Amino acid sequence: MGKTFTVLPKAAAPLTLGRARTTAGFILAVLLPALATFVLSLAPDLNLATHVLVHLTGVMAVAFVGGLWPAVVAALLDSLLLNYFETDPVGTFSVKDPQNIFALLVFLGSAIAVSLLVGLSARRAREAARARSEAATLADLAREALIEDDTVPAFLNKVRKTFQVQSAGLYTLPADTLPADTLPAATRGDWVLQAYSGQAPPASPGTGDPAAGAPAAGAVELADPATALVVAGRDLTAGDRRLLTAYGSHLLLLRQRQSLQLKLRETAKLAEGNSIRTSILRAVSHDLRTPLAGIKLAVTALRRQNVRLPEEVRAEMLETIESYSDRLESLVGNLLDMSRISSGSAAPLTAPVTWRDAIEEALRGIPAGAIRVDLAPNMPVIDADLGMLERVIANIAENALKYAPGADVVIVGPSSGSAMATLNGRPCGELRIVDHGQGVPAANVITMFEPFQRLDDAPDGLGIGLGLAVAKGFTEAMGGELSAEPTPGGGLTMVIRLPLSPGPENAHLISADDGHSTEDGGR
């Protein structure tokens, strides 16, 4: 949402007409009476009343342009000209007829009254404009208190622009320095600057002199005894200070909201941690205990009946121990990997890696022939952490074999000459692991990447639902992307995308100018 700044009028002085209009008014106060007298002299048959009305119109024009004092000058000058040129005896400043004296006095009074009204209306117009500006600013504050999510620096920048000051800052007092009998907050010297906007922070509320290079404090608004909003750079009017009070209250609400949001995130993180711990306990109680029980049973049988067991039975028990040990290793490994991902400590050590090297290591623990590999001979080199990539491919491959038993599972990789995908505007390499099992409903595609998620009809013993979550976490940690899409004809295809290595192996694929593919136009 776009932000609007309501800029207050600069009004350190009283609300009067500008200097340019006042100067223009004084010039007209001299020119218009002389011009009116000259024009009226061309029609000698006009009576005094007509002359008075014409001169009064000129005074009104001067009043509208320049305000009170130019209009008073024009009225006095018009009175003198009317007296000299139009009242008997003409050519002197004396007046014989008392009615003419009265007419001149009425003219002068009317001109001054009109000038006062014009000046008053100008001040009222300026006050109304300022009131509208203040109301708009308060409305913006009220709206933002409900819907905006400003940071403190952004809010201070808005304060600085609204009040047209050099700097605006937020000072706070340490919580441990607020005893009941403390000094008045504005005189304290231990204020701490939290944030500011401008070239330099304003002076601390508790000091009369600014810090080195800091603007002097123009105004201090105590949002509460321990929070001060300070602006510096110009003196504020009474209206500005009223608005500054509103901004101080808004700043306090903003800090309280940010504090609540921080607590909410901490609470959500604790709740997520509790959920993961609960899931781990549930997994330990069943999925980990089952292979442990099988291993213990097989070992006990071998130890107690070593002489009487046939060779094929002993071999079967040893195979059972090995199988259960592999399952335990995989479960514990996924738990540890998920812990690293959740804590944000999964930092990859990326280097140029080939898909083929990672696949060979990832499939080392999978029975030969269970998965077909169909890689192009000239697949591009990618940037990846080899250990993480091996775990990603292994987890996806094991997941495909678990949920698509007996189905065809194949790992497919396009050649470097094929149309290339992009990731955040950068060319990337792509690997697809395709199975032809039962697939996953579209509604469950997103949730299947979450920890401890398994298909509803998955039999016991297929793990604790961490394989895909770990694979996605490691892929994203390496700057890549893991997604799922349906396999034509049924099944699920997992797509791994990782950025291409900028090394010489991919020089013909990556443009030095923009990092896009030069063969397909950076699709």
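Only a predicted model underlies this, so the values are computations on that prediction, with no experimental measurement involved.

The number of helices and strands found in the chain is 10 helices and 12 strands. By the burial criterion, 41% of the 523 residues in the chain qualify as buried. Sequence separation of at least 24 residues holds for 69% of the intrachain contacts in the chain that already meet a minimum separation of 6. As displayed, the chain has an accessible area near 28,100 Å², and 60% of this comes from carbon and sulfur atoms.

Before going further, it helps to spend a moment on a negative patch on the surface. Taken together, the side chains of E316, E319, E322, D326 and E329 make up a negatively charged region of the molecular surface. By the secondary structure assignment, D326 is in helix α7 (residues 311–343). When its relative accessible area of 43% is taken as the criterion, D326 is described as partly exposed.

Take helix α9 (residues 386–403) next. Compared with the 26 Å implied by 1.5 Å per residue over 18 residues, the 26 Å span of α9 between its first and last C-alpha is a close match. Here α9 has its buried residues at M388, L389, E390, V392, I393, A394, N395, I396, A397, A400 and Y403. Structurally, the start of α9 carries an N-cap: the backbone nitrogen of G387 is 3.0 Å from a side-chain oxygen of D385.

Let us look at the pattern of salt bridges. On inspection of all chains with the given rule, the structure shows 9 salt bridges. The salt bridge partner of R497 is E430, with a shortest N-O separation of 2.8 Å. In this pair, R497 is assigned in strand β12 (residues 492–499) and E430 in strand β10 (residues 426–435), connecting sequence segments 67 residues apart. The structure contains a network of salt bridges with shared partners spanning E430, R432, E481, E485 and R497.

Moving on: the packing of aromatic side chains. Considering all chains together, one arrives at 1 aromatic pair under this definition. A ring pair is formed by Y84 and F85, whose centres lie 5.0 Å apart and whose planes are at 75 degrees; its orientation type is edge-to-face. The ring of F449 carries K472 above its face, with NZ or CZ at 5.0 Å from the centroid.

Let's shift gears to the packing of helix α1 (residues 19–41) against helix α2 (residues 48–66). When two helices pack together, you describe them by how their axes are tilted relative to each other and by the distance separating the axes. As a packed pair, α1 and α2 sit with axes 8 Å apart at the nearest point and diverge in direction by 165 degrees. With respect to α2, the axis of α1 lies roughly antiparallel. The two elements α1 and α2 meet at a crossing, and its hand is right-handed. On the side of α1, the interface is formed by R21, T22, A24, G25, L28, A29, L32, P33, A36, T37 and L40, while α2 contributes H51, V54, H55, G58, A61, V62, F64, V65 and G66. Classifying every residue of the contact of α1 with α2 gives 12 nonpolar, 7 polar and 1 charged.

To continue, consider the side chain of D385. One can find D385 in the loop between β7 (382–384) and α9. Here the side chain of D385 touches L349 through a polar contact of 2.8 Å, landing on its backbone nitrogen. Excluding residues that lie within four positions of it along the chain, D385 makes contacts with P348, L349, T350 and M478.

Turning our eyes to something else, we now look at the side chain of T172. Tracing the chain through its elements places T172 in strand β1 (residues 167–172). Overall, the relative accessible area of 8% leaves T172 in the buried class. Polar side-chain contacts of T172 include one of 2.7 Å to the side chain of Q194. Residues in contact with T172, not counting those within four places in the same chain, are D190, W191, V192, Q194, A226, T227 and R255.

Take α1 next. End to end, α1 covers 34 Å across 23 residues, agreeing with the expected 33 Å (1.5 Å per residue, within 8%). At L28, α1 shows its maximal bend, which comes to roughly 30 degrees. Among the residues of α1, G25, A29, P33, A36, T37 and L40 are the ones counted as buried. Elements that come into contact with the buried residues of α1 comprise α2 and α3 (68–85).

Moving on, we get to the packing of helix α8 (residues 355–362) against α9. Remark: α8 packs on α9, axes separated minimally by 8 Å, with the N-to-C direction vectors making an angle of 60 degrees. It follows from the interaxial angle that α8 and α9 lie oblique. As α8 runs across α9, the sense of the crossing is right-handed. Contacts between α8 and α9 involve W355, A358, I359, E361 and A362 from the former and L386, L389, E390, I393 and A394 from the latter. Grouping the amino acids of the contact of α8 with α9 by side-chain chemistry returns 8 nonpolar, no polar and 2 charged.

Calculation notes
For every chain, the first residue of its written sequence is number 1, and the numbers climb from 1 along that sequence. Where totals are concerned, whole chains, interfaces and linings use all residues; where local detail is concerned, this predicted model gives features only for residues with pLDDT of at least 70, and gives and counts side-chain atom pairs only at 80 or more. Note that the side-chain values use all heavy atoms of the structure and ignore hydrogens as well as water. Strands here mean DSSP runs of E at least two residues long; helices mean DSSP runs of H or I at least four residues long; both are numbered from the N terminus. Only protein chains enter the calculation, and the probe is 1.4 Å; a residue is then buried if its accessible area is under 20% of its type maximum, exposed if over 50%, and partly exposed in between. Should any heavy atoms of two residues lie within 4.5 Å, those residues are counted as being in contact. To measure how exposed things are, a 1.4 Å probe is used in the Shrake-Rupley method; for residues, cover is taken only from the protein chains shown. The patches reported here contain residues having more than 30% relative accessible area and no salt bridge. Joining distances are 9 Å for like charges and 5 Å for nonpolar side chains (Val, Leu, Ile, Met, Phe, Trp, Tyr). Salt bridge, as applied in this entry: a Lys or Arg side-chain nitrogen positioned within 4 Å of an Asp or Glu carboxyl oxygen. We treat Lys and Arg as the positive residues and Asp and Glu as the negative residues; His and chain ends play no part in the count. Note on charges: their place is set at NZ of Lys, CZ of Arg, CG of Asp or CD of Glu. Under the convention used throughout, the expected extent of a helix is 1.5 Å for every residue step, that is, one less than its residue count. Here a polar contact means two N or O atoms within 3.5 Å. Within protein one must be a hydrogen donor candidate and the other an acceptor candidate, and residues neighboring in sequence count only if both atoms are side-chain atoms. Classification of ring pairs rests on two measures: the distance between centres of Phe, Tyr or Trp rings, Trp counted by its six-membered ring, which must be within 6.5 Å, and the angle between planes, read as stacked under 30 degrees, edge-to-face over 60 and tilted in between. Our definition puts a charge over a ring when NZ of Lys or CZ of Arg is within 6 Å of the ring centre and also within 35 degrees of the ring normal. Where helices are involved, their axes are fitted lines through C-alpha atoms of the stretch in contact, as for all axes, and angles between N-to-C directions lie from 0 to 180°. Any angle that is under 35 degrees is reported as roughly parallel, and any over 145 degrees as roughly antiparallel; angles of 65 to 115 degrees are reported as roughly perpendicular and all others as oblique. With the far helix as reference, a near helix turned anticlockwise by less than a right angle produces a left-handed crossing, and one turned clockwise produces a right-handed crossing. Amino acid classes used here: Ala, Val, Leu, Ile, Met, Phe, Trp, Tyr, Cys and Pro are nonpolar; Asp, Glu, Lys and Arg are charged; the rest, including Gly, are polar. To obtain the bend at a residue, axes are fitted to the seven residues ending there and to the seven starting there, and the angle between these axes is taken.

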